[in-house]
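Coordinate analysis (summary)
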Amino acid sequence: QAQQASVPKQKVFKRKVAIGRFTNETRYGKTFLRDGEMDPLGKQASDMLSTRLVDSGQFVVFERPDIAKLEREAAISGPTKLVGVDTLILGSVTEFGRTTQGTTGFLSQTKTQAARAKVELRLVNAKTGQVYFSATGAGSASTESGSIAGYGSKSDYDDSLNDRAIGAAISEVQNSLIQKLKEKPWRTDILSVQDGAVFISGAARQGIQIGDTLAVYRKGKTVTSAQSGFDIELPATLIAKLQVASQFGDNETNEGSQATVIAGSIPSTSTSTDLFVGEVK
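Here is a short report on the structure shown in this document. (Residues numbered from 1 in each chain as written. Predicted model: local features only at pLDDT ≥ 70, side-chain atom pairs only at ≥ 80, totals over all residues. Heavy atoms only, no water.)

1. Quick notes on the pairing of strand 8 (residues 190-194)
Across four bridges, strand 8 lies against strand 9 (residues 197-201) in antiparallel orientation. Residue Ser192 lies in a different strand from strand 9, and its bridge partner there is Phe199. Two successive antiparallel strands, strand 8 and strand 9, enclose a turn made up of two residues, where Asp195 displays a positive phi of approximately 50 degrees. (Pairing = 2+ DSSP bridges. Helix = DSSP H or I, 4+ residues; strand = E, 2+ residues; numbered from the N terminus.)

2. Thoughts on a nonpolar patch on the surface
Together, Val223, Ile232 and Leu234 line one region of the surface with nonpolar side chains, adding up to about 210 Å² of accessible area. Looking at where Ile232 falls in the secondary structure, it is placed in strand 12 (residues 231-233). (Patch = residues over 30% accessible without salt bridge, like charges linked within 9 Å, V, L, I, M, F, W, Y side chains within 5 Å. Areas by Shrake-Rupley, 256 points an atom, 1.4 Å probe, with all protein chains shown as cover. Salt bridge = Lys/Arg side-chain N within 4 Å of Asp/Glu carboxyl O.)

3. Let's talk about the packing of aromatic side chains
For the coordinates displayed, the defined rule picks out two aromatic pairs. Summarising the aromatic geometry, the rings of Phe199 and Phe248 are spaced 6.2 Å apart at their centres and angled 65 degrees between planes, so their arrangement reads as edge-to-face. Taken as a pair, Phe199 in strand 9 and Phe248 in strand 13 (residues 237-248) lie far apart in primary sequence, 49 residues in all. On the basis of relative accessibility, which here comes to 19%, the residue Phe199 falls in the buried class. (Phe/Tyr/Trp six-rings, centres within 6.5 Å; stacked < 30°, edge-to-face > 60°. Buried < 20%, exposed > 50% of the residue type's maximum accessible area, 1.4 Å probe, protein only.)

4. Quick look at the environment of Val216
Counting through the fold element by element, Val216 comes out in strand 10 (residues 213-218). For the pair formed by Val216 and Thr237, sequence separation is 21 residues and the distance between their alpha carbons is 8.5 Å. Apart from the residues lying within four places of it in its own chain, the contact partners of Val216 are Ile190, Thr237, Leu238, Ile239, Ala240, Leu242, Ile266, Leu275, Phe276 and Val277. (Contact = heavy atoms within 4.5 Å.)

5. Points about the pattern of salt bridges
Counted under the stated rule, the structure contains four salt bridges. Put simply, Lys180 and Glu183 hold a salt bridge, and the shortest N to O gap is 3.2 Å. Owing to a relative accessible area of 51%, Glu183 belongs among the exposed residues under this scheme. Residues Glu255 and Arg205 are paired through a salt bridge, measuring 3.1 Å at the closest nitrogen-oxygen approach. In this pair, Glu255 is assigned in the loop between strand 13 and strand 14 (256-264) and Arg205 in the loop between strand 9 and strand 10, connecting sequence segments 50 residues apart. The class of Glu255 is buried, set by a relative accessible area of 5%. Residue Arg205 is classed as partly exposed on the basis of its relative accessible area, which comes to 40%.

6. A word on the side chain of Ser92
As for its placement among the helices and strands, Ser92 is situated in strand 3 (residues 87-105). Not counting the four nearest positions on each side in its chain, Ser92 is found in contact with Phe22, Thr23, Glu25, Lys118, Val119 and Glu120.

7. Digging into the pairing of strand 15 (residues 275-279)
The buried count for strand 15 comes to four of five residues, which makes it a mostly enclosed element. Here strand 7 (residues 187-188) pairs with strand 15 via two bridges, running antiparallel. Its bridge partner being in strand 15, Arg187 is matched across the sheet by Gly278. Sheet analysis places strand 10 next to strand 15, joined by five bridges and oriented antiparallel. From the neighbouring strand, Ala215 faces strand 15, where its bridge partner is Gly278.

8. Things to note about the side chain of Gln174
For Gln174, the location among the structural elements is in helix 4 (residues 160-181). Overall, Gln174 belongs to the buried group, its relative accessible area being 17%. Among the polar contacts made by the side chain of Gln174, one reaches the side chain of Arg52 at a distance of 2.7 Å. (Polar contact = N/O pair within 3.5 Å; in protein donor to acceptor, adjacent residues only side chain to side chain.)

9. Quick notes on the packing of helix 2 (residues 40-55) against helix 4
Where helix 2 meets helix 4, the axes come as close as 10 Å, and the angle between the chain directions of the two elements is 45 degrees. As the angle between them shows, helix 2 and helix 4 are arranged oblique. For the pair helix 2 and helix 4, the crossing hand works out as right-handed. Counted together, Leu41, Gln44, Ala45, Met48, Leu49, Arg52 and Leu53 of helix 2 and Asp163, Ile166, Gly167, Ile170, Ser171, Gln174, Leu177 and Ile178 of helix 4 form the full contact between these two elements. (Axes fitted to C-alpha atoms, helices over the stretch in contact; angles between N-to-C directions. Parallel < 35°, antiparallel > 145°, perpendicular 65-115°, else oblique. Left-handed = near helix turned anticlockwise from the far one by under 90°.)

10. Here's the deal with helix 4
The end-to-end C-alpha distance of helix 4 is 30 Å, a good match for the 32 Å that 22 residues give at a rise of 1.5 Å each. Along helix 4, the sharpest kink reaches roughly 35 degrees, centred on Gln174. The set of residues buried in helix 4 consists of Leu161, Asn162, Ala165, Ile166, Gly167, Ala169, Ile170, Val173, Gln174, Leu177, Ile178 and Leu181. (Expected span 1.5 Å × (residues − 1). Bend = angle between axes of the 7 residues up to and from the residue.)

11. Notes on the sheet that holds strand 10
Sheet architecture is open: seven strands sit in the order 7-15-10-13-14-9-8, paired in antiparallel fashion. The strands lining the two open edges of the sheet, one partner per strand, are strand 7 and strand 8.

12. Here's the deal with the nonpolar core
Counting 29 residues, the largest nonpolar core has Phe22, Leu49, Ile89 and Ile166 as the members making the most contacts within it. Considering every element that reaches this core, the biggest residue donor is helix 4, with nine residues. In contact with Leu49, other than residues within four places in its own chain, are Ile19, Phe22, Ile89, Leu121, Ile170 and Leu177. Within the second largest apolar cluster, 15 residues are counted, among which are Val216, Ile239, Ala240 and Leu242. (Core = buried A, V, L, I, M, F, W, Y, C linked by side-chain atoms within 4.5 Å.)

This is how it looks when you write it as structure tokens:
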């Protein structure tokens, strides 16, 4: 317990992600689909991944496959502000199959049902369209029933095997996916500077605690590389240090912290788009 208490709580900059498309590239379950319907196998995999990302507590997850429903609701309840994301997650179920095997012996009988699935995911930079990471996960599930001399269990078609096989495939790929999404250095933005108080986005739900010391950086100039064609941001410059004094907000979308400058200064001519807050290096 003493060792655990000595480990500082990790700051978690919640990346904004959206699952843009998750399709079923297999033949399974497509026989009775009508035009415009989303395949249930792809929808199931999408929902499972979305739930895992939300449960991790490290991401703000947005709806994209159901965006048409949001737009219809906005027509009833009023304008809806759709928020842009850092990363778009695209995926597909590339393999899915089921097998049933049985063996019969003297006065005995066994039946084994098995399902297997494979999913492939890609992370796409929402601003450039560049695919910067891909991963594959595979999983399987099975159940067995048997009887001796007519006594024992009998097993009908087990629908839960589909769920368990897809869930196992998602589980295999989710850790590498989350780790890649977290590789971006933690940073947050300045909301406002008023009478010497600096208001920043994020509070306890992102691991920011009262008394923490944070750094204010001025962004480096962005230049376009003739070699790659991509925009490259030059190294940032440290201009000030902050100490968190108080916090406000009641959920991850509206929480913030109030801090005071303890070293350096924030020029009055600076704008919130010129600066960002990060960890002290």
